[in-house]
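Structural description and commentary
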Amino acid sequence: MPEQTESQTAADGHARLASLTLVPRADHQQSTKDFKSDQEVRWCPGCGDYAILAAFQSFLPELDVPRENIVIISGIGCSSRLPYYVNSYGLHSIHGRAPAIAAGLADSRPDLSVWVITGDGDALSIGGNHLIHALRRNVNIKILLFNNRIYGLTKGQYSPTSEQGKVTKSSPFGSLDTPFNPLSLALGAEASFVARTIDSDRKHLTSVLRAAADHRGTAFVEIYQNCPIFNDDAFAPVTEPGARDEHVIRLEHGQQVRFGTGPGHGLRFGPLGSLEVVDAPDPGDDSLLVHDAHVTDPSYAFALTRLDSTDFAHTPIGVFRDVERATYDDAMSAQIEGVVKRQGAGDLAALLAGSDTWRVG
Amino acid sequence: MPEQTESQTAADGHARLASLTLVPRADHQQSTKDFKSDQEVRWCPGCGDYAILAAFQSFLPELDVPRENIVIISGIGCSSRLPYYVNSYGLHSIHGRAPAIAAGLADSRPDLSVWVITGDGDALSIGGNHLIHALRRNVNIKILLFNNRIYGLTKGQYSPTSEQGKVTKSSPFGSLDTPFNPLSLALGAEASFVARTIDSDRKHLTSVLRAAADHRGTAFVEIYQNCPIFNDDAFAPVTEPGARDEHVIRLEHGQQVRFGTGPGHGLRFGPLGSLEVVDAPDPGDDSLLVHDAHVTDPSYAFALTRLDSTDFAHTPIGVFRDVERATYDDAMSAQIEGVVKRQGAGDLAALLAGSDTWRVG
Amino acid sequence: MTKQVQQLDRVIIRFAGDSGDGMQLAGDRFTQETATFGNDLSTLPNFPAEIRAPAGTLPGVSSFQLHFADHDILTPGDAPDVLVAMNPAALRANIDDLPRGGDIIANTDEFTKRNLTKVGYEANPLEDGSLDGYRLHAIPITSVTVKALEGFAISKKDAERAKNMFSLGMLCWLYSRPAEGTLRFLESKFAAKPEIMRANIAAFQAGWNFGETTEEFSVQYEIKPATLPPGQYRNITGNTALANGLVAAAQLSGLPMFLGSYPITPASDILHELSKLKRFGIRTFQAEDEISGVGAALGAAFGGALGVTTTSGPGMCLKAETIGLAVAVELPLVVCDIQRAGPSTGMPTKTEQADLLMALYGRNGESPVVVLAPSTPGDCFATAIEAARIAVKYRTPVIILSDGYLANGSEPWRIPDLSDLPDLRSEFSFAAPGGANGADGSQPFLPFLRDPQTLARPWAIPGTPGLEHRIGGIEKADGTGAISYDPDNHDKMVRLRQAKIDGIAADIPPLEVDDPAGDARVLVLGWGSTFGSIGAAVRRVRLAGGAVAHAHLRYLSPFPANLADVLKRYDKVLVPEINLGHLALVLRGRYLIDVISYNRVRGMPFRASELAGVIQDVIANA
Amino acid sequence: MTKQVQQLDRVIIRFAGDSGDGMQLAGDRFTQETATFGNDLSTLPNFPAEIRAPAGTLPGVSSFQLHFADHDILTPGDAPDVLVAMNPAALRANIDDLPRGGDIIANTDEFTKRNLTKVGYEANPLEDGSLDGYRLHAIPITSVTVKALEGFAISKKDAERAKNMFSLGMLCWLYSRPAEGTLRFLESKFAAKPEIMRANIAAFQAGWNFGETTEEFSVQYEIKPATLPPGQYRNITGNTALANGLVAAAQLSGLPMFLGSYPITPASDILHELSKLKRFGIRTFQAEDEISGVGAALGAAFGGALGVTTTSGPGMCLKAETIGLAVAVELPLVVCDIQRAGPSTGMPTKTEQADLLMALYGRNGESPVVVLAPSTPGDCFATAIEAARIAVKYRTPVIILSDGYLANGSEPWRIPDLSDLPDLRSEFSFAAPGGANGADGSQPFLPFLRDPQTLARPWAIPGTPGLEHRIGGIEKADGTGAISYDPDNHDKMVRLRQAKIDGIAADIPPLEVDDPAGDARVLVLGWGSTFGSIGAAVRRVRLAGGAVAHAHLRYLSPFPANLADVLKRYDKVLVPEINLGHLALVLRGRYLIDVISYNRVRGMPFRASELAGVIQDVIANA
Ligand SMILES: Cc1ncc(C[n+]2csc(CCOP(=O)(O)OP(=O)(O)O)c2C)c(N)n1
Ligand SMILES: Cc1ncc(C[n+]2csc(CCOP(=O)(O)OP(=O)(O)O)c2C)c(N)n1
Ligand code: SF4
Ligand code: SF4
Ligand SMILES: [Mg+2]
Ligand SMILES: [Mg+2]
């Protein structure tokens, strides 16, 4: 197995993204097409997955990681077909289990950059348990959840993110389920990095991928993805040129939160820890919220996630939370190194002999 | 199957607890011993489960529900043995699945009072997915999570609530996992009722059970439970007479939050949605937090849950959140009634015939 | 002009096109008309992989094969007589199945350079003579359709979409199908969009007229109605029949039905069907996963409901532990496994029979269950009712093994009179207070005191006073149901659970053998969806003068009581399975008979011709 | 006073007491001394249910049986010669197993009215003459111990706790066991609490002296060392041997080991053992559930680790789907199922062999795997290494079927020289850049191009340039591994996966038959943990002049190549199993041989006497 390489700064001096300090650097500049596999891409015409794939492929060279050290693990779903299209190592596993499989790989191979591709059904329905446990353990994997609020591959049943009352094949009279807010759930599960972006906003999507790669630990990224076949325009309010600017709140660390057209709006904490929208605020008003992705207490990011509503009245995108916390895989390596230092490397003969032995003949 | 009884007010006029409006009333006053089964109780000497069982059994008559309409469903674990000891209907199921099984029962039998008994491993480790989905759907079941921060039945491995670094049979060099905060997780999963209490505080425990029964929907109750054998005194700071008063924050709806000895402490929201402790506060100070369990936005309750820390410096107990939301089972019944009203009751012959038929011979 | 009319006794048409071309719909409609007309028929939809493939590519091809005749038939047919190819991909993907001399109806508009190269055609096969061996009808279907719809206020896209209706009309004329049903169908389907509706109707009629008027088709065909047993008929798919059977079972047993399910191909449609039937009081629960689906169904069963869960192979794996719990607590549960090609994800849209051993043995410990398999789409109805009957009567999980072929395939189905359906109320009852082993309080209620006949324990549901009891997955003392670690009690309970299942053999019909001449020395024994192919193969062999018997197992656990005798009556027993020999292993192990396995695991039903050959060989060596 | 010394060739002692009485520890120590002394031995701990029962109750009784002798023995023995009963419950729970004339050592202090009634004794059996048939030694063990420790600065509770050491000392004297080991053990165990340590040592010595000085015991016994094959020995349990075997396999293969596991009785100790071995670089991951445990192990295997997961029956159900994925992607995976009594939760602390068919067939689709079963606690070591060898060489999941009896039972084990262990490095290699089917970039890398010998596909791990590839659970084209829905490719792949497993038969040792006289007409064929009981039974039969052969299967899938021949050599084949006939079904199905099943599903190992009788009967009717 390849040697683990030391955390390093490149010849050109620019520092390593935080999740990659133990991952070797590419010995040559790679290009987008290096990451295109020979497999013909197979999604429906107009599927948001195309845009995400394209953005992802053109982003990968930025990692400065040789493609053989990149692994993409997915579950089952339309979105989960993505690994086939990226020319790296890939495992298209089973429904909902990608985070568990990826954890095993990341825990044992710190020299790899491990990405999980999943869907709202894959990650939040059948895979919910693995997701929340990966988040609390903070394994060094990047989870990209393609949220189209529908089960695409199985041809259109409601998912854990579908709005209540949604009429689908399995809910002809409207679904009864209250949906999850994926980001609230992630924060409740002790997530150290939580972000949201949109399939059609290539620039923003790329910036979020970059931030995720620069986070050591589990990065959870929700990507709004349009499924033109079974849930078309589900995100119109935040994607359509007209509506978009009024509804989308772009979070920038250190920046005062401003959104909307004209005088626009800001945010402010109400008496009971809820964020309230302030119309036409005076920029000088220092009660206005200035975004801080690094606060330790997740209560802040949680409050941000509660701004969403099914009508997308105010929908924050960007990095909600990005805090440092020891990763599970680093801790695992450290524990082993520590024990070896204290006890010395294991001696098989001694192990087999145990403590009480005797001789015969 | 017994008829569903209408929501009613008793002869004695006192109203039905909210979760029981469709459950028949007992035709005679039941006593604690009516709820004791003939099974010999089998936990280790000093186990906190004894106290919880006793409190539960003496609380049940209060429900004013005939014991045959009470069902207790558990998973696997020491705690999950509880159903055997209560003389009602009980199902000791398999590890982690109790919420799913209970949901099926509650969805199809609104005339029952359904309780789930589970442990920190059962509910949060293997059963995490069913738990979070039950919470978001808001099925009318009451979930009592006995949190002893250890796997008791399997003789002492760390659990998802064990503090990081804990030394157990399966973590001889200390566990690497960041624990869940069960209440934060529940809130992230859209829980409508979230509470915490302590095995040794019979009065408080009972009051929380009452509040849970008075909530229509999924009630999630974390009960700190001491496991003298594998995790003794895990909760000493909040149970021992001396320490207790300094660390425990008793939440009372509508009351200003005050805790600690002497001048004591209060709580106040900081600039970024975090709760801060205020020492020796002036009661008149109206920036001090007054507890409101009914706020719709879970951000408030979430912030409360983040006051905990492994050292129990400040540990709120009581009802964090109690908001009304349509329950899954009510919605399911309503949907069926609505369809029957609109379409008329199903006609089997018509169904079998379908739309395109023809006659032969 | 009137054209010459030719009589045919049977025709096999395959509609093939891009996933977007609406071939499944055209096929469905043609099937309906054919059914209504009174032919016997059998269909085989062939979907591409679940995921959409780019337009015009081979993986994107979707086809629908229909076999219809003036006599009763058993399979969708091996090779088509007519291939409708809406684009080059459809032609390329299907041409090899078309025997020389067959008809090809090709949509020339789609045979563009680009589309041709997409699927690796250097030259245009419609022009380079490579199709000389066939009867080629090259028709610019798209443009003719668009032209025909010029008058309508609809988008070009919508006009082009109507090309499937044009093709349908053309074929309806060609095979003299009635049109009313389709017109009615279009009216209701597009009720909301009247202009689209009119356009599609126009397209259909244009197609019809095109057939009638152009020189393209010199003859029109007629296939007389088949003489099926008298009755009211409909066309039905396996999944719909299964769903309806479950609804019927609920009504016949007077039990509320609860379905806990997680979507998975090819089982999802059962969930979809049942979700529509709220008017029957059915509770459908789309669970977060398969474990929750079966768990919720079991919880409902504990409460006195008919608990049902539906899934396919990968989901069955996940349900194993909970089915084991159902075995231990002895509650009724109906588990439907619509098998698909495995292992693992396998080929979700393809059929297979390789879940049998998992259904029989795929749980920890001695965990016997009942396993049934329907043999045709329509038979899924009766099988569902029988599964429910056994489940509620014996308080046991019953697994139904359908598969992708039955699920989506269809056949004419004689609609039963409700009066002919079994009365399940008489098969079971809930334990009543003061009833079942004297729970009048005088003696304690014994939740595991068994009925001496059925060995079933009482089904005592919450809400019944005096029957309060606790059950679970830990071993229980016989009778009391109290937790017991007693070694001999465990041995006894293990055997009792097995005996209960084995005993059901006395409560099911004996295996019937179809051996008209009675002189056969070779028996073909099948199970499940191979009924049609085996039956058709057996016919061929008999027509060719061969003597062969056919028996088909619906009951895989327990086996019918007379199975051993049946097997012994024949010199050779051939067991064709779409797996590597699951039933064969169990038969050999149980009865020590050297059954001959024939296995093809291609994700497709057997071809009758192929099986006929195999049977001939066995006879030859018998 | 010196006492008369009597020679014995074998003794069976059962230590029985309340869960809190420390009988397992006393038994363990006595076993260690006995081992060190050089007797052959076999042990059977018998735990109460996982959950603690109240003190003094029957369910709370915990016992430990030790069989030791001056010759080699195979089982913990059927009936004890000596019963140590620390309280009335222990007496009541075990007395029926003690043959008349046996010794009873009872702790009179615990035979109080309250404790007696707790277990339903009206009168005190130690006094009412009901034990007249036995040699009763009524000793106030607790009070004597407390008295002996008066001088120590410890609590009464701690003094009472030391009573197990007193009993141990007494028995060590009675059977002339050395004491050094125990003293050393106590010193290290209580190093932190010196006073407690001294007290326990004093208690031990007090017990020893009690035996030597009082009238209670008139004779002292001696059991000469057994003559085992020469070598260095230790006593070892199955779970420890399995854990050590896995560690050895990792070192011998040069692979990092990754364990993904979720605790479950009786498998948890393997997780515990391996968690202690961080110094060997082993990564242990306590997963959130069994699915995650096996998933993580598979992920690690994809990355080039030796991926291992450990569980018991209920957990195996949950791992099925992921094992199926491992079959489809053809990666190495070692799955350890420590079987326990089922179905469902069953009896977690009791042993059983009823997971065999699940291991073989419990997955959707055609999903063949390798299945191995160790035959003794010590054999778990070799089996683990062999499992790893096959897994990495053939890139396949290998299931090890151990059970509760092997897991917790112990036996003397000859410690192997490292040089005698197989070199696994030579059995496999990772695909190298430019290596495996020319991935020098000239041709594309083919992840499913198989080795013609083994049919294994290349194990190409991330980090290897030029071998980038994508795999998954969907059917793959042979060679390229690209998604394929081609019917014939599927049939081919299904057969290739099966052929790969079947082919392993050529790479494993033939089945050996133990038939010293060579004149046996009856073969007893077993698998797994029944080796000891069958072996002992066979000996008895032979001593009684009966001719019988014994063969024991370690390889359940594939079977050894010579199995058919072996079976055919005998008139009768008897297959004893602690299930309802799993192996028997497969043998009959495969070889059409009318094997005779003997099944007892009591959660306990077979009694040698019982089996001997069965064998005699079979011989009689042969
Ligand atoms: C164990 C199992 N259960 C169910 C399925 C069927 N299935 C495949 S993908 C899927 C859901 C896909 O939804 P999502 O994760 O949102 O992905 P999308 O297709 O929308 O991108 C389901 C139910 C399966 N393959 N395996
Ligand atoms: C499928 C399955 N996996 C594992 C187990 C073993 N097991 C039983 S209970 C338990 C954890 C118990 O911990 P918790 O839920 O906290 O309950 P406690 O005993 O602490 O009350 C485990 C791992 C099991 N019975 N079934
Ligand atoms: S179904 Fe929806 S999500 Fe799936 S490929 Fe088509 S458009 Fe994309
Ligand atoms: S192990 Fe702990 S939790 Fe379990 S019964 Fe004993 S004390 Fe209670
Ligand atoms: Mg989706
Ligand atoms: Mg616990």
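Definitions and cut-offs
Residues numbered from 1 in each chain as written. Chains lettered and ligands numbered in written order. Predicted model: local features only at pLDDT ≥ 70, side-chain atom pairs only at ≥ 80, totals over all residues. Heavy atoms only, no water. Helix = DSSP H or I, 4+ residues; strand = E, 2+ residues; numbered from the N terminus. Buried < 20%, exposed > 50% of the residue type's maximum accessible area, 1.4 Å probe, protein only. Contact = heavy atoms within 4.5 Å. Areas by Shrake-Rupley, 256 points an atom, 1.4 Å probe, with all protein chains shown as cover. Lys, Arg positive; Asp, Glu negative; His and termini not counted. Charge placed at Lys NZ, Arg CZ, Asp CG, Glu CD. Near = heavy atom within 4 Å. Nonpolar A, V, L, I, M, F, W, Y, C, P; charged D, E, K, R; others polar. Buried area = accessible area lost by both parts, 1.4 Å probe. Salt bridge = Lys/Arg side-chain N within 4 Å of Asp/Glu carboxyl O. Polar contact = N/O pair within 3.5 Å; in protein donor to acceptor, adjacent residues only side chain to side chain. Disulfide = S-S within 2.5 Å. Pairing = 2+ DSSP bridges. Axes fitted to C-alpha atoms, helices over the stretch in contact; angles between N-to-C directions. Least-squares fit on C-alpha atoms with pLDDT ≥ 70 in both. Donors = N, O, S within 2.8 Å, 3.2 Å for Na, K, Ca; no water. pLDDT = per-residue confidence, 0-100. Phe/Tyr/Trp six-rings, centres within 6.5 Å; stacked < 30°, edge-to-face > 60°. Lys NZ or Arg CZ within 6 Å of the ring centre and 35° of its normal. Core = buried A, V, L, I, M, F, W, Y, C linked by side-chain atoms within 4.5 Å.

This paragraph deals with the overall build of chain C. Counting secondary structure elements, chain C contains 20 helices and 23 strands. C-alpha atoms of chain C, sized along the principal axes, occupy 90 × 60 × 45 Å. When the 622 residues of chain C are sorted by exposure, 68% land in the buried category. Of all intrachain contacts in chain C linking residues separated by at least 6 positions in sequence, the fraction that spans at least 24 positions is 77%. When the accessible surface of chain C is split by element, carbon and sulfur atoms take 51% of a total near 18900 Å². Charged side chains of chain C number 57 positive and 69 negative; the gap between the two group centres comes to 2 Å.

What follows covers the site of ligand 4. Around ligand 4, the neighbouring residues are Trp43, Cys44, Cys47, Cys78, Asn148, Gln225, Cys227, Pro228, Ile229 and Phe230 of chain B. Classifying every residue of the shell around ligand 4 by side-chain character gives eight nonpolar, two polar and no charged.

Before going further, it helps to examine the interface of chain C and chain B. Between chain C and chain B, the contact holds 70 residues from the first and 59 residues from the second. Summing the contributions of chain C and of chain B, the shared interface buries around 5400 Å²; its carbon and sulfur component is 63%. Area buried by chain C at its contact with chain B is led by Arg279, Arg283 and Arg470 of chain C, which between them contribute 14% of it. Inspection of the region where chain C meets chain B yields four salt bridges.

The next subject is the side chain of Asn148 of chain B. Turning to its location among the elements, Asn148 of chain B is positioned in the loop between strand E4 (141-147) and helix H5 (182-188). Here the side chain of Asn148 of chain B touches Gln225 of chain B through a polar contact of 3.4 Å, side chain to side chain.

Once that is clear, we can look at the interface of chain B and chain A. Of the residues lining the interface, 49 residues belong to chain B; the matching set on chain A comes to 49 residues. Three residues stand out in chain B for area buried against chain A, namely Arg136, Leu176 and Leu272 of chain B, and they jointly supply 17% of the buried area on that side. The tally of links from chain B across to chain A stands at six salt bridges. In this assembly, chain B and chain A are joined by 25 residue pairs in polar contact (both at pLDDT 80 or more). If you list the elements that add at least two residues to the side of chain B that touches chain A, you get helix H3 (120-126), helix H4 (128-137), H5, helix H9 (299-305) and helix H10 (328-343) of chain B. For the side of chain B that touches chain A, the element with the highest residue contribution is H10 of chain B, accounting for seven residues. Split into classes, the residues belonging to the side of chain B that touches chain A amount to 26 nonpolar, 14 polar and nine charged.

We now examine the state of the cysteines. In the structure shown here, the tally under the stated rule is zero disulfides over all chains. For the unlinked cysteine Cys380 of chain D, the closest cysteine sulfur is that of Cys336 of chain D, found at 9.2 Å.

Here the focus is the side chain of Thr309 of chain C. By the element assignment, Thr309 of chain C lies in strand E12 (residues 306-311). The class for Thr309 of chain C is buried, based on a relative accessible area of 0%.

In the vicinity of ligand 1 lie 23 residues, with Cys78, Ser79, Asp120 and Asp122 of chain A together with Glu290 of chain C positioned nearest. Around ligand 1, the nearby residues trace back to chains A, C and D. Within the backbone of Cys78 of chain A, a nitrogen or oxygen atom sits 2.8 Å from an oxygen atom of ligand 1. Between ligand 1 and Glu290 of chain C there is a distance of 2.5 Å, counted from a nitrogen atom to a side-chain nitrogen or oxygen. Here ligand 1 loses 99% of its free accessible area of 590 Å² to cover by the protein chains. Elements with a minimum of two residues in the shell around ligand 1: helix H3 (120-126) of chain A together with helix H12 (313-329) of chain C.

Another aspect to go through is the sheet that holds strand E4 (residues 141-147) of chain A. An order of E7(A)-E11(A)-E5(A)-E6(A)-E4(A)-E3(A)-E1(A)-E2(A)-E17(D) is seen for the nine strands of this open sheet, with the pairing classed as mixed. Bordering the open sheet on either side are strand E7 (248-251) of chain A together with strand E17 (470-472) of chain D, each of which pairs with just one other strand. In this sheet, neighbouring strand axes are inclined to one another by 20° on average, regardless of whether the strands run parallel or antiparallel. Where strand E1 (residues 70-74) of chain A meets strand E3 (residues 113-119) of chain A, five bridges bridge the pair, whose relative direction is parallel. By the bridge assignment for E3 of chain A, Ser74 of chain A is matched with Ile117 of chain A.

With that settled, consider the relation of the copies chain B and chain A. Superposition of chain B onto chain A requires a rotation of 180° combined with a translation of 0.0 Å along the rotation axis, giving an RMSD of 0.0 Å. Each copy turns onto its partner about a two-fold axis. With an isologous cut-off of 70% or more, the 100% of interface residues of chain B that recur at the interface of chain A puts this contact in the isologous class.

Throughout the structure, instances matching the rule amount to 92 salt bridges over all chains. For the salt bridge of Glu427 of chain C with Arg389 of chain C, the shortest nitrogen-to-oxygen distance reads 3.3 Å. You can see Glu427 of chain C sitting in the loop between strand E16 (410-414) and strand E17 (470-472) and its partner Arg389 of chain C sitting in helix H14 (residues 379-394), a full 38 residues away along the chain. Residue Glu427 of chain C is classed as partly exposed on the basis of its relative accessible area, which comes to 23%. Residues Arg497 of chain D and Glu475 of chain D are paired through a salt bridge, measuring 2.8 Å at the closest nitrogen-oxygen approach.

Here we take up the coordination of the magnesium ion (ligand 6). All names here are of chain B. Taken together, the protein donors to the magnesium ion (ligand 6) comprise Asp120 (OD), Asn148 (OD1) and Ile150 (O), at separations of 2.0 to 2.2 Å. When the donor residues of the magnesium ion (ligand 6) are listed from N- to C-terminus, their spacing reads D-x27-N-x1-I. An identical accessibility class is assigned to Asn148 and Ile150; each is buried.

A few words on the environment of Trp413 of chain C. Positionally, Trp413 of chain C belongs in strand E16. On the basis of relative accessibility, which here comes to 9%, the residue Trp413 of chain C falls in the buried class. Taking C-alpha positions, Trp413 of chain C is 5.7 Å from Gly378 of chain C, a pair spaced 35 residues apart along the chain. If near-sequence neighbours (up to four positions away) are discounted, Trp413 of chain C is found in contact with Leu352 of chain B together with Gln232, Tyr233, Arg234, Ile236, Gly378 and Phe381 of chain C.

All names here are of chain C. The five strands are arranged E18-E20-E19-E22-E23 in an open sheet whose pairing can be described as mixed. Here the strands that pair on one side only, and so sit at the sheet edges, are strand E18 (513-514) and strand E23 (596-599). Direction of pairing for E18 relative to strand E20 (residues 549-553): antiparallel, over a ladder of two bridges. Each residue of the ladder has a partner; that of Asp514, found in E20, is His550.

The next thing to look at is the confidence of the model for chain C. The pLDDT averaged across chain C works out to 93; a share of 98% of its residues lies at or above 70. Model confidence for the complex: the whole-complex pTM is 0.93, and ipTM, which rates the interface, is 0.94.

Glancing now at the packing of aromatic side chains. Throughout the structure, instances matching the rule amount to 51 aromatic pairs over all chains. Relative to Tyr175 of chain D, the ring of Phe30 of chain D lies with its centre 6.4 Å away and its plane at 85°, an arrangement referred to as edge-to-face. With Phe30 of chain D in helix H1 (residues 23-37) and Tyr175 of chain D in the loop between helix H6 (163-174) and helix H7 (180-189), this residue pair connects regions lying 145 residues apart in the sequence. A cation over an aromatic ring shows up here: Arg136 of chain B above the ring of Phe180 of chain A, its NZ or CZ 5.0 Å from the ring centre. Above the plane of the ring of Tyr121 of chain D lies Arg92 of chain D, whose end atom (NZ or CZ) is 4.5 Å from the centre.

This part covers the nonpolar core. Residues Leu274, Leu525 and Leu587 of chain C together with Leu274, Leu525 and Leu587 of chain D are the most contacted members of the largest nonpolar core, which totals 350 residues. Excluding anything up to four places from it in sequence, Leu587 of chain C contacts Leu525, Phe559, Leu563, Leu567, Val575, Leu592 and Val595 of chain C. Formed by 52 residues, the second largest nonpolar core is a distinct cluster that contains Trp358 of chain B together with Leu41, Phe64 and Ile139 of chain C.

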